[in-house]
Amino acid sequence: MAHTPQDFDWDDLKHLLAVARHGSTLAAGRALGLDQSTVQRRLTQLEKRFGLALVQREPSGYRLTEIGQALLPHAERVEEAVAQFRQQLAAAAAEVSGVIRVTCPEPIVYRITQLDLLQRFNARYPALQVHFVMSDKYVDLAAGEADVALRSGDTDDGALVGRKIGNSVWAVYASTTYIERHGRPHRVEDLAQHALVGFDDTMAKHRIAAWLRTVAPATSLVARANSVLGLIYSAKAGVGVAPLPMPLGDAEPDLVQVIGPVPELTRIWRLLTTAELRHTPRVAAFFDFIVEEIETLRPILTG
């Protein structure tokens, strides 16, 4: 019993077309990059599925039967449609466009823009725009608040995938003015006798807040901020002593590293996104570009 036409594999039509154009299974196989037996087998399978003879073998080669000739223009249109589909798919993949929302702390944005990193990315992907979502808090990628994160700290979100960039290393800093007025702490134990600057309650879960509560449990903070940039400004103003990322603290000429680095504060810098977004063209383009440029990015994150 003949099968219904819906049962056939449309990919077999290319074997029929090749035989029609080249006149033999040997020549068709060469054109398709296949051996002769494969072409013969696929053609025979197609005839069995149709329950029809599509080719007839002659001393000079193969020719299409009457029904084969009738089906030929339809097969050619299928071939053309498949070619157009592939072209459109390739064009869509090549034309990566849209906006990529990257979240990271504000000081990191400034340091990134001092490089030619974004210019080189734009040269490669002119239809892609990078928008920064600046926050020291963990912006929720899974909730769609951003597409990619440059993040340091503990990441236990199973919905995120990422790549390590380097280590986030912190030390304790004070301004030259503060040291002149109040002296310099030399050990972690000395911090309890100094004015301390730290995060406010919106950042209570940050490791810096927990560490300060441990090393100086009886000391009240003289200034609170909701960002690392706020800590830097307070420390530069001589308000108090502050833990800071070493790349940022060392870059400030008015600040002196008084204690550090502090091992308990070291965490990993990661490039993160969701598993779903990782495979979208726009995010994949940015993610893969940053992975290529890790050696360029690492110094501004890790010092």
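Residues numbered from 1 in each chain as written. Predicted model: local features only at pLDDT ≥ 70, side-chain atom pairs only at ≥ 80, totals over all residues. Heavy atoms only, no water.

A. Inspection of the pairing of strand 9 (residues 221-225) at higher detail. Inspection of the sheet shows strand 8 (residues 196-199) paired to strand 9 by four bridges, in the parallel sense. Looking at strand 9, one finds that Gly198 is bridged to Arg224. Tracing the backbone out of strand 8, into helix 8 (residues 207-215) and back to the parallel element strand 9 gives a crossover that is right-handed. (Pairing = 2+ DSSP bridges. Helix = DSSP H or I, 4+ residues; strand = E, 2+ residues; numbered from the N terminus. Right-handed = clockwise from strand over helix to strand, strands pointing away.)

B. Expanded view of the packing of helix 6 (residues 117-124) against helix 11 (residues 281-292). Direction vectors running N to C along helix 6 and helix 11 enclose 130 degrees, while the axes themselves pass 11 Å from each other. By the angle between their directions, the pair helix 6 and helix 11 is classed as oblique. Both helix 6 and helix 11 take part in a crossing whose hand is right-handed. Here Leu117, Arg120, Phe121 and Arg124 of helix 6 come into contact with helix 11, specifically with Ala285, Phe286, Phe289, Ile290 and Glu292. The class makeup of the residues in the contact of helix 6 with helix 11 is six nonpolar, no polar and three charged. (Axes fitted to C-alpha atoms, helices over the stretch in contact; angles between N-to-C directions. Parallel < 35°, antiparallel > 145°, perpendicular 65-115°, else oblique. Left-handed = near helix turned anticlockwise from the far one by under 90°. Contact = heavy atoms within 4.5 Å. Nonpolar A, V, L, I, M, F, W, Y, C, P; charged D, E, K, R; others polar.)

C. Representation of the pairing of strand 1 (residues 55-58) in the model. The pairing of strand 1 with strand 2 (residues 61-64) spans four bridges and is classified as antiparallel. Counterpart to Val55 in the pairing with strand 2 is Leu64. The hairpin turn running from strand 1 into strand 2, its antiparallel successor, is two residues long.

D. Examining the sheet that holds strand 7 (residues 170-175) more closely. Ordered by their spatial adjacency, three strands build an open sheet running 10-7-11, and the pairing between neighbours is antiparallel. Single-partner strands in this sheet number two, and they are strand 10 (242-245) and strand 11 (255-259). Shown here is a sheet whose adjacent strand axes are inclined to one another by a mean of 55 degrees, direction ignored. Against the sheet, helix 9 (residues 228-236) engages strand 7, strand 10 and strand 11, with an angle of about 125 degrees to strand 10.

E. View of the sheet that holds strand 6 (residues 160-168). Spatial ordering of the open sheet is given by 4-3-5-12-6, a layout of five strands whose pairing is mixed. A single partner strand is all that each edge strand has here, and the edge strands are strand 4 (128-134) and strand 6. Averaged over all pairs of adjacent strands, the angle between their axes in this sheet comes to 20 degrees, without regard to strand direction. With seven bridges joining them, strand 3 (residues 98-104) and strand 4 adopt parallel strand pairing. Looking across to strand 4, one finds that Thr103 is bridged to Val133. Its contacts with the sheet put helix 5 (residues 106-113) on strand 3, strand 4, strand 5 (148-152) and strand 12 (267-274), and the angle it makes with strand 4 is roughly 145 degrees. The sheet contacts of helix 12 (residues 294-302) involve strand 5, strand 6 and strand 12, and relative to strand 6 the element is tilted by about 60 degrees.

In short, shape yes, function no, at least from these values alone.
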